[in-house]
Amino acid sequence: MKKSKLYLECYSGISGDMTVAALLDLGADQKVLMDGLKSLNVDGYRVVISRKTRNSIEVCDFDVILEGNEHSHSHEHHLDNNENHVNNHEHTLSHHHNHDHIHEHPHDHNHDHEYNHEHEHDHDHHTHDHAHADLHVDHATLRHNHNTLHLGHHEHRNLHDINEIIEHSSITPHAKEIAKRIFRIVAEAEAKAHGKPIEEVHFHEVGAIDSIVDIVATAICLDNLNITEVIVSELYEGTGQIRCQHGILPIPVPAVVNISSAYQLPLHITSMKGELITPTGAAIVAAIRTSNTLPQSFKVMKIGLGGGKREYEVPSILRAMLIEDTSTMSTVPTDTVWVLEANIDDCSGEALSFAMELLLERGAKDVYYTPIYMKKNRPAYLMGVLCAEDKIAAMEDILFTHTTTIGIRRTEVMRSTLSRESHTVSTPYGQCTVKVCSYNGHQYLYPEFEDIKSLCIASDMDYQSMYRMVQSYAEQQLED
Ligand SMILES: O=C([S-])c1cc(C(=O)S)c[n+]([C@@H]2O[C@H](COP(=O)(O)O)[C@@H](O)[C@H]2O)c1
Ligand code: NI
């Protein structure tokens, strides 16, 4: 199956259900999804996939409806009067859909809907608990908050239990791996927020069902669409506060900030009041993102729109696109690499040389010094380090520890790389490693400097002659 490149445009934030809906809209197989979810052997819920509108735009909607609670998890986001009002509109719209959950709703379908619900709970809607991935902190509060669920018991699942559920399902190994990665990221963020070891993060019954379904469904759909690269835009977030399990939390909520910090997700805070990024949404991005940067030009092959449950001034839509890179360099494979730079005017050549050695030893792709002329007429060096994203922290540690720099610029840049292979070529003077690169059907042969140097020393031949001689042996021996 063809590999797909996904672009997630998070200008209305991101949540678990928005992601699943967008991926379904892109064409993920609903039967594969439903069979996969069934194989988890988790009951107490049902899933409704429907078409809805957000600001008159038609979107796919993915709803997890908990048994005994014909409210979908959309209700779990109604945290202030504005949102209640807007979401009642959603109910009105949903009357158009026979299969929509609302038809099975036990309450009246009027604008007091939320309030009926609250009366049953016997507490003010502002104190209604809406957290999904609930860390079980206060049992009494939880029982009170979830007493409409009629689940009869309060099971608490930690990360290990959830991994077991995922492991014993029939979803593909790749989908299992994605789902477990997402769950781990949520659990780590919650553990950090609450100052607990990760094993002590308990997902409450309700939270576990919702989170398991959203997270596993995301993993199944990504795997089903054979998505191998994921580009994610900046994550737009609102401002203000939100009430959940823990009481009132600032937006972005602590779990989202923890994930953004641990995975360096680019946040863009807007003046919109409300929560646009949920911890599950942030964890999905952290787990699957392979780049922040779109190709210079691309074709949009397919579009998927996933609707969120909240409605603000901006439509709550996650737009997903399957794209094909059409940049001029697109015949050559591209990837991204990070450039770390510092202008240094007060460090000895010895220290700079030592830093370069350490950087290369610990994984820099390249290190270079460029003579520059800085402010106050100071001759100095621009120090540049090329490295992969996962090496940034180690590289910066060396720069701060072993040079005098007090600031490092970092940029992610695109790179075109020719395919390359190393071969050993035999010559009358000994063996030599030759790098073979291909471009546009031509092969280019580059003997390795260190080998040429050793052969020159051993044979007393000059460098240029030895280089050309090895190239000519390589041409004969490596003809394809
Ligand atoms: O239940 C817990 S522990 C919880 C923690 C946090 C923290 O940031 S800590 C936030 N929330 C809120 O719960 C809902 C649901 O999020 P999902 O990712 O499960 O969809 C959301 O509003 C969070 O801000 C809950
Ligand atoms: Ni929490």
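Residues numbered from 1 in each chain as written. Chains lettered and ligands numbered in written order. Predicted model: local features only at pLDDT ≥ 70, side-chain atom pairs only at ≥ 80, totals over all residues. Heavy atoms only, no water.

**Q** Which parts of the structure should I look at to understand the overall build of the protein?
**A** Looking only at helices and strands, the protein features 14 helices and 19 strands. Burial statistics for the protein: of 480 residues in total, 50% are counted as buried. Summed over all atoms, the accessible surface of the protein reaches about 22,700 Å², with 51% contributed by carbon and sulfur. (Helix = DSSP H or I, 4+ residues; strand = E, 2+ residues; numbered from the N terminus. Buried < 20%, exposed > 50% of the residue type's maximum accessible area, 1.4 Å probe, protein only. Areas by Shrake-Rupley, 256 points an atom, 1.4 Å probe, with all protein chains shown as cover.)

**Q** Help me out: how do you make sense of the packing of helix 6 (residues 159-167) against helix 7 (residues 173-194) in this one?
**A** To describe two helices that pack against each other, one gives the angle between their axes and the distance between the axes. In contact at an axis separation of 10 Å, helix 6 and helix 7 are set at 170° when each is read in the N-to-C sense. By the criterion of interaxial angle, the relationship of helix 6 to helix 7 is roughly antiparallel. Seen along the crossing, helix 6 lies across helix 7 with a hand that is right-handed. Along its contact with helix 6, which presents Leu 159, Ile 162, Asn 163, Ile 166 and Glu 167, the element helix 7 presents Lys 176, Ala 179, Lys 180, Phe 183, Arg 184 and Ala 187. Tallied by class, the residues present in the contact of helix 6 with helix 7 amount to 6 nonpolar, 1 polar and 4 charged. (Axes fitted to C-alpha atoms, helices over the stretch in contact; angles between N-to-C directions. Parallel < 35°, antiparallel > 145°, perpendicular 65-115°, else oblique. Left-handed = near helix turned anticlockwise from the far one by under 90°. Contact = heavy atoms within 4.5 Å. Nonpolar A, V, L, I, M, F, W, Y, C, P; charged D, E, K, R; others polar.)

**Q** Even after reading the chapter, I still don't get the coordination of the nickel ion (ligand 2), so can you show me in this structure?
**A** Each pair of donors in an ideal four-coordinate tetrahedral metal site encloses 109.5 degrees, whereas pairs in an ideal six-coordinate octahedral site enclose 90 or 180 degrees. For the nickel ion (ligand 2), every protein donor is listed as Glu 190 (OE), His 194 (NE2) and His 246 (NE2), and the spread of their distances is 2.1 to 2.2 Å. Site description for the nickel ion (ligand 2): donor spacing in sequence, E-x3-H-x51-H. Here the residue Glu 190 and the residue His 194 both occupy positions in helix 7, the gap between them amounting to 4 residues, near one helical turn. Using a relative accessible area of 7% as the deciding quantity, one classes Glu 190 as buried. (Donors = N, O, S within 2.8 Å, 3.2 Å for Na, K, Ca; no water.)

Limitation: the analysis is restricted to geometry and does not speak to function.
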